[in-house]
Every structure is written in C-alpha cells, then in structure tokens.
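These are the residues of each chain, in order.
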Amino acid sequence: MQSLRYTYNAYSFLKKQSSLYGQIFQVKFLNMPLTVVVSDPERVNEIFTDSDGIMQGGEANQLLLGANVGKYSLLTLDGQLFADHRKILASMMNDAVIQHFEEIIICSVDKITKLWPQQKEFSLLPYLQEMVLDIVMKTVLGGHESSHFMTAKQFVKQFIKSGTGSFVSMLYGVFPEATRVNSTWTKRLSSKLRQCLLDEIVYRRDLCNDVQTTSANDFLSYLLLARKADGDHLSDNEVIDEV
C-alpha cells in the first residue's frame, strides 16, 4: 500500500508519514530496500557533509540508476572520485555558460508555449515532453543537425516518454514482471544511446584538437575539453556517463 500511495501522490504521502512519525521515518516500498526519509534540516546537512564514508549516496543511487547513467556519473560516485568529478563539472559552470544555457531554456519555453491550443482544454504532457527534449538536446549536445544528433534525439525522446505517468509507475511497483520487462527495454535503449554518443564523441575529439574552449557551447563539448587533476582528459565512458 505504501508503494501505491507514494506513486499516486508522493508529496501527500510523505507529508502524512512525517506528521505521524516525525522528521525521520522508514518506508518499505515494494521490490526495494528499506528506505529512510529524512526531512530535518540539521540531519540533512549532516548527511550531505558526512566525511566518514558512511553516507554513500552514490552507492545507493547505483542500485536505482546505475543501469542507465553508468558508474562514472556524478550521481553514482562517492568519496574522492566524486569530489574530483564534481570539481571538473563545477569549473565548467561559469557565469557565461549558465547564462548561455538560461537563454536556451527561455527560448525553448517561449517556442513551445506558443504552440499551446487556445480557448480549449488540451493535454499538457506532450508539450512538456517536447520542451524537455528540446532543452536537453541543445544544452547537452548542441543544436547541430548531424546524423548522430538526430539519432540521439530519437533515443532521448523515447527515454522521456517511457514510464511517464503515475499509473505506469504503479504497475511497475505492483507487478515485478512489468519492472523486469521495462528494465530490459530500457537497457537496450540505453545501449543504443551510448553507442550513438560514443560515435559523436569520436567525431568531436578530432575537432577538439583545433577548437578552443571558448568556442564550446554545449555540455558534451565542455566535457571533452575538461581535464582531470593529473592533466588527462576524461575517458569516453566517463564522458558518456556524465552526459
């Protein structure tokens, strides 16, 4: 029942549990390990500033996200490796880059909202999905129309649409077999997307030899130009997982 209630209205469920059991409580979701929910600000700060290696957020995320984002994503890293990758990503996000991405987001929102039907009811979800797709593709891979870009766009579009909606999520939570089927499909899609990104990385690495950092205008280009503490570039797998 907890899985159904959370999937139907997560905020309402967590708020109710907090009113019953306080700012730290346990939840047992179907087909998942025991989950501890913490909403007390001081305890949350302790979790995120833990330096003893006890609170391994990356290890926990690996169970849920590892199949899709890989082992080198910032979401699935812990310890010094997490600190190193976070430093690289933070160094990329200067004011100029953030402003550039902000402009992309504003333009995309303006473009999609102008397509909304007037004076009648309509489903908002397809427009939001298209908006997310447009923003992701332009900020992460740039706006060029190469064959790799167009192929990746189709795969990302499928990812955005897969598992959308509380009813679908409830089915995955209640019926383990549905989860396994979806997981298999997602892994296949993820594999195809990774190969597409690898092809794009190989293509761009050749270009990056003659391209200055200031000319990069998307997340992938920044990652390819970034260097680790030892001076080496990120590996192909590290770049793909961060993307």
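Cut-offs applied
Residues numbered from 1 in each chain as written. Predicted model: local features only at pLDDT ≥ 70, side-chain atom pairs only at ≥ 80, totals over all residues. Heavy atoms only, no water. Helix = DSSP H or I, 4+ residues; strand = E, 2+ residues; numbered from the N terminus. Areas by Shrake-Rupley, 256 points an atom, 1.4 Å probe, with all protein chains shown as cover. Core = buried A, V, L, I, M, F, W, Y, C linked by side-chain atoms within 4.5 Å. Buried < 20%, exposed > 50% of the residue type's maximum accessible area, 1.4 Å probe, protein only. Contact = heavy atoms within 4.5 Å. pLDDT = per-residue confidence, 0-100. Salt bridge = Lys/Arg side-chain N within 4 Å of Asp/Glu carboxyl O. Phe/Tyr/Trp six-rings, centres within 6.5 Å; stacked < 30°, edge-to-face > 60°. Expected span 1.5 Å × (residues − 1). Arc of directions from axis to C-beta. Polar contact = N/O pair within 3.5 Å; in protein donor to acceptor, adjacent residues only side chain to side chain. Patch = residues over 30% accessible without salt bridge, like charges linked within 9 Å, V, L, I, M, F, W, Y side chains within 5 Å. Bend = angle between axes of the 7 residues up to and from the residue. Pairing = 2+ DSSP bridges.

Helix and strand counts for the protein chain stand at 12 helices and 2 strands. Surface exposure of the protein chain reaches about 15700 Å², of which carbon and sulfur atoms provide 57%.

Here we take up the nonpolar core. Of all hydrophobic cores here, the largest spans 27 residues; its most connected members are M92, M137, L141, L223 and V239. Looking at this core, the elements with two or more residues in it are α5 (79-92), α6 (95-113), α7 (125-141), α8 (147-161), α10 (176-208), α11 (219-225) and α12 (236-242). With sequence-adjacent residues up to four places away left out, M137 is seen in contact with G142, F149, A152, K153 and V156. With 5 residues, the next largest nonpolar core counts F13, F25, F29 and V37 among its residues.

Before going further, it helps to examine the confidence of the model for the protein chain. Looking at the protein chain as a whole, its pLDDT mean stands at 79, while 81% of the residues score no less than 70. When pLDDT is averaged over each helix and strand of the protein chain, the minimum, 45, is found for helix α9 (residues 166-174) and the maximum, 93, for α6. Every residue in residues 164-182 scores below 50 in pLDDT, and together they form 19 contacts with partners more than four places removed in sequence or on other chains.

This part is about unusual backbone geometry. Positive phi, close to 60 degrees, is recorded for Q119, a residue that is not glycine. Its location among the elements puts Q119 in the loop between α6 and α7. Residue classification places Q119 among the exposed positions, given a relative accessible area of 81%.

With that settled, consider the pattern of salt bridges. Per the stated rule, a full pass over the model turns up 11 salt bridges. In the salt-bridge network here, residues are joined through shared partners; they are D40, E42, R43 and E46.

The next subject is the packing of aromatic side chains. Enumeration over the complete set of coordinates arrives at 4 aromatic pairs. Aromatic side chains F101 and Y222 sit 6.4 Å apart centroid to centroid with 70 degrees between the ring planes, which places their arrangement in the edge-to-face category. Of the two residues, F101 sits in helix α6 while Y222 sits in helix α11, which places them 121 residues apart along the sequence. Taken individually, F101 and Y222 each receive the classification buried, so the pair is uniform in this respect. Between F122 and Y127, the aromatic rings sit 5.5 Å apart at their centres with planes inclined by 85 degrees, giving edge-to-face as the arrangement. In this structure F122 comes out as partly exposed when scored by relative accessible area, which is 32%. By way of ring pairs, the aromatic residues W116, F122 and Y127 are connected into one cluster.

With 19 residues, α6 should cover 27 Å at 1.5 Å per step; its first-to-last C-alpha distance of 27 Å lies within 8% of that length. Where α6 is concerned, the buried positions are V97, F101, I104, S108 and I112. Considered in projection along α6, the buried side chains sweep an arc of 55 degrees and stay on one side of the axis. In this structure, α6 carries D95, A96, I106 and C107 as exposed residues pointing more than 90 degrees from its buried face. Structurally, α6 contributes buried residues whose contacts are with α5, α7 and α11. Structurally, the start of α6 carries an N-cap: the backbone nitrogen of A96 is 3.1 Å from a side-chain oxygen of N94.

Below, the discussion takes up a nonpolar patch on the surface. A cluster of nonpolar side chains, namely M32, L63, L64, L65 and L75, defines an oily patch on the protein surface of about 470 Å² accessible area. Looking at the secondary structure, you find L65 in helix α4 (residues 57-69). Taking the relative accessible area as the measure of exposure, L65 reaches 31% and is therefore partly exposed.

A few words on α4. Relative to the 18 Å expected for 13 residues at 1.5 Å per residue, α4 spans just 14 Å between its end C-alpha atoms, considerably shorter than the ideal helical length. The largest bend along α4 measures about 70 degrees and falls at L63. A positive phi of about 85 degrees marks G70, the residue just after α4.

Okay, the pairing of strand β1 (residues 24-27) next. The side-chain alternation of β1 yields one buried face, formed by F25 and V27, and one unburied face, formed by I24 and Q26. One ladder, built from 4 bridges, connects β1 with strand β2 (residues 35-38); its direction is antiparallel. Within β2, the position partnered with Q26 by the bridge is V36.

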